[in-house]
Amino acid sequence: MAKPSAPSRERIVAGAADLISRRGLNATSIRDLAKHAGAPLGSTYHYFPQGKGQLATEAVRYAGEAVTGVLRRGLDAGPVAGLRAFLALWRGIVVDSGFRAGCPVLAVSVEEPQADEVPPALLAAAEAFQDWERLLADSLRGQGVDADRAEGLAALVVASVEGATAMCRAKRDAHPLDQVAQQLETLIEAALAPAA
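S.K.: What is the right way to read the overall build of the protein from this model?
M.R.: When you go through the protein residue by residue, the secondary structure sums to 9 helices and 0 strands. In the protein, the succession of helices and strands from N to C terminus is α-α-α-α-α-α-α-α-α. Computed over the C-alpha atoms, the radius of gyration of the protein is 18 Å, within 12% of the 16 Å expected from 2.2 N^0.38 for a compact globule of 196 residues. Projecting the C-alpha coordinates of the protein onto the three principal axes gives extents of approximately 60 × 40 × 30 Å. Residues classed as buried in the protein amount to 44% of the 196 residues present. Of the contacts made within the protein by residues no fewer than 6 positions apart, 67% connect residues no fewer than 24 positions apart. Positive and negative side-chain charges of the protein, numbering 20 and 23 respectively, have mean locations separated by a distance of 10 Å.

S.K.: So what exactly am I meant to see when it comes to unusual backbone geometry here?
M.R.: For residues other than glycine, phi is negative in most cases, and the peptide bonds are mostly trans. Non-glycine residue Phe99 carries a positive phi angle of around 70°. As for its placement among the helices and strands, Phe99 is situated in the loop between α5 (79-96) and α6 (104-109). For Phe99, a relative accessible area of 16% puts it in the buried group. At Arg172, a position not held by glycine, the phi torsion is positive, near 55°. Mapped onto the fold, Arg172 is located in the loop between α8 (147-171) and α9 (175-192).

S.K.: Teacher, can you tell me more about the side chain of Ser21 here?
M.R.: Looking at where Ser21 falls in the secondary structure, it is placed in helix α1 (residues 9-23). Residue classification places Ser21 among the buried residues on the basis of a relative accessible area of 4%.

S.K.: Mind showing me how you'd approach the packing of aromatic side chains here?
M.R.: Aromatic rings considered in pairs are described by the distance between their centres and by the relative angle of their planes. Applying the stated criterion across every chain, the model contains 4 aromatic pairs. Following the ring pairs from residue to residue traces out a cluster consisting of Phe86, Trp90, Phe129 and Trp132.

S.K.: Help me understand the pattern of salt bridges in this model?
M.R.: On inspection of all chains with the given rule, the structure shows 10 salt bridges. The closest approach of N and O atoms between Asp18 and Arg22, which form a salt bridge, is 2.9 Å. Placement of the pair is Asp18 and Arg22 together in helix α1, with a separation of 4 residues, close to one helical turn. Between Asp138 and Arg134 there is a salt bridge; the shortest N-O distance is 3.8 Å. Residue Asp138 and its partner Arg134 are located together in helix α7 (residues 120-142), separated by 4 residues, close to a single helical turn.

What counts and how
Residues numbered from 1 in each chain as written. Predicted model: local features only at pLDDT ≥ 70, side-chain atom pairs only at ≥ 80, totals over all residues. Heavy atoms only, no water. Helix = DSSP H or I, 4+ residues; strand = E, 2+ residues; numbered from the N terminus. Rg over C-alpha atoms; globule rule 2.2 N^0.38 Å. Buried < 20%, exposed > 50% of the residue type's maximum accessible area, 1.4 Å probe, protein only. Contact = heavy atoms within 4.5 Å. Lys, Arg positive; Asp, Glu negative; His and termini not counted. Charge placed at Lys NZ, Arg CZ, Asp CG, Glu CD. Phe/Tyr/Trp six-rings, centres within 6.5 Å; stacked < 30°, edge-to-face > 60°. Salt bridge = Lys/Arg side-chain N within 4 Å of Asp/Glu carboxyl O.

Structure, rendered in structure tokens:
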């Protein structure tokens, strides 16, 4: 039986997601990821025998699913509420970390893969973006927005929020997210107006 203080698999994955959101994937080793999670390296390899790539993929999936949950709950109250929840999540992460953390999904997406093949972590990132876009587009379509416009707005929301998150980190200021929030909300309200 494991000691109560033994690190859980989920704690290691969550810690890896946090460190990737701060440093990126290529700037971290499996040892760094284990240390950040407060886990012995042996425990990390026990849970992730394929090493850093496996852990990174799980961390991206974990982060993607966490965001999906927040977005889904927000969208239960409609597209504008979903947008606000999505923005509030990223604003909280960026500000609460002192502008040190961003999105681990984006961090993995913008780095050059170490090999010629597409790494599983990058595929997991693509799936996360696709899930977020699908949820937003479905919500918009459910309110009568044309399918093409709904898909375009969903892609714009995800791309804008991810880009604004990166800008906030660079500028050490939440203003880019606040500006994007205002513009996106105006666009979504305009798209919903004819359907109202």
